[in-house]
Amino acid sequence: MATNHDDPLDPRLREAIATLRDTPPPEDLWPQIAPQLSPRYPAGTMLLRWPTAIAAGLVIASASIGGTLLLLRSGVALPVGTATPPGLITPASNIAATHTPADQALQQAIGQLETRLSATEATLDQNTRDAIRTSIAALDQAIADAATRQRALPDDPRSAAYLTSALQKKLDVLRTVTRRTAIRT
């Protein structure tokens, strides 16, 4: 047998490898292996339960509305001491019916979602209800402030746009919450 100096394998090892055959096990081993494996998540992945995710989303929405309101007011502080309403949802009844048709449509959709969310309130845990109440109260306060500003400055397009934006944010939050509570029930 000629010796190949380029081959790093020992001839006996090469012969042993050549005799190897791939044979399946006599039975499926996966049922015993699978329970022993732990799920792998990419580095930096944070797992959240949906009530925590909803609460975080509501806090973010409230903070963005509050920040926008502060920017629109040009340094005037927000009113302090707004009480959390006893129910889960407080209707945005402080908005005049003379707003644009888009705002009226948003109000109607918000009212429908508030009714749907009130019906599922009992299925939520107390922490989630409290987080939703706090966030909805902040959104309602922002809507009330925007409506007051628009009534004071009816020709200001920024105040009208802010009111529409605040209503849209509340609608988005209510859609998310009602969708999540519908999945749960």
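Conventions we followed
- Residues numbered from 1 in each chain as written.
- Predicted model: local features only at pLDDT ≥ 70, side-chain atom pairs only at ≥ 80, totals over all residues.
- Heavy atoms only, no water.
- Helix = DSSP H or I, 4+ residues; strand = E, 2+ residues; numbered from the N terminus.
- Buried < 20%, exposed > 50% of the residue type's maximum accessible area, 1.4 Å probe, protein only.
- Contact = heavy atoms within 4.5 Å.
- Patch = residues over 30% accessible without salt bridge, like charges linked within 9 Å, V, L, I, M, F, W, Y side chains within 5 Å.
- Areas by Shrake-Rupley, 256 points an atom, 1.4 Å probe, with all protein chains shown as cover.
- Salt bridge = Lys/Arg side-chain N within 4 Å of Asp/Glu carboxyl O.
- Expected span 1.5 Å × (residues − 1).
- Polar contact = N/O pair within 3.5 Å; in protein donor to acceptor, adjacent residues only side chain to side chain.
- Core = buried A, V, L, I, M, F, W, Y, C linked by side-chain atoms within 4.5 Å.
- pLDDT = per-residue confidence, 0-100.

Here we come to the overall build of the protein. When helices and strands are counted, the protein shows 6 helices and 0 strands. Taken from N to C terminus, the helices and strands of the protein fall in the order α-α-α-α-α-α. By residue count, 29% of the 185 residues in the protein fall in the buried class. Put simply, of all contacts in the protein between residues at least 6 apart along the chain, 75% involve residues at least 24 apart.

Further remarks concern a nonpolar patch on the surface. A cluster of nonpolar side chains, contributed by Leu9, Leu13, Ile17 and Leu20, occupies part of the molecular surface with about 360 Å² of accessible area. Mapped onto the secondary structure, Ile17 falls in helix H1 (residues 11–19).

What follows covers helix H5 (residues 126–152). Given a rise of 1.5 Å per residue, 27 residues ought to cover 39 Å, and the 39 Å separating the end C-alpha atoms of H5 matches this to within 8%. Here H5 starts with a cap whose side-chain oxygen sits 3.2 Å from the backbone nitrogen of Asn127, and that cap is Asp125.

Once that is clear, we can look at the nonpolar core. The tendency in soluble globular proteins is for nonpolar side chains to be buried as a group. Counting 24 residues, the largest nonpolar core has Ile132, Val173 and Val177 as its most contacted members. Counting only elements with at least two residues in this core, the list comes to helix H3 (50–73), helix H4 (101–119), H5 and helix H6 (157–184). No other element matches the 8 residues that H6 contributes to this core. Non-local contacts of Val173, meaning those with residues more than four positions away in its chain, are made with Leu58, Ala61, Ile136 and Leu139.

Time to look at the confidence of the model for the protein. Low pLDDT means the predicted atomic positions in that stretch should not be read closely. Put simply, the protein has an average pLDDT of 76, and 78% of its residues get 70 or more. Taking the mean pLDDT of every element in the protein, the minimum, 77, falls on H3 and the maximum, 87, on H5. Confidence drops under pLDDT 50 across residues 74–98; counting only partners more than four residues distant or on other chains, this segment forms 50 contacts.

By the definition in use, this model includes 6 salt bridges. Of the charged contacts in the structure, one is a salt bridge between Arg12 and Asp10, with a shortest N-O distance of 2.9 Å. Taking the shortest distance from any N to any O, the salt bridge between Arg149 and Asp156 comes out at 3.6 Å. Among the charged side chains, a salt-bridge network with shared partners connects Glu114, Asp140 and Lys170.

Assignment of secondary structure puts Leu174 in helix H6. A C-alpha to C-alpha distance of 8.6 Å links Leu174 and Ile136, two positions 38 residues apart in sequence.

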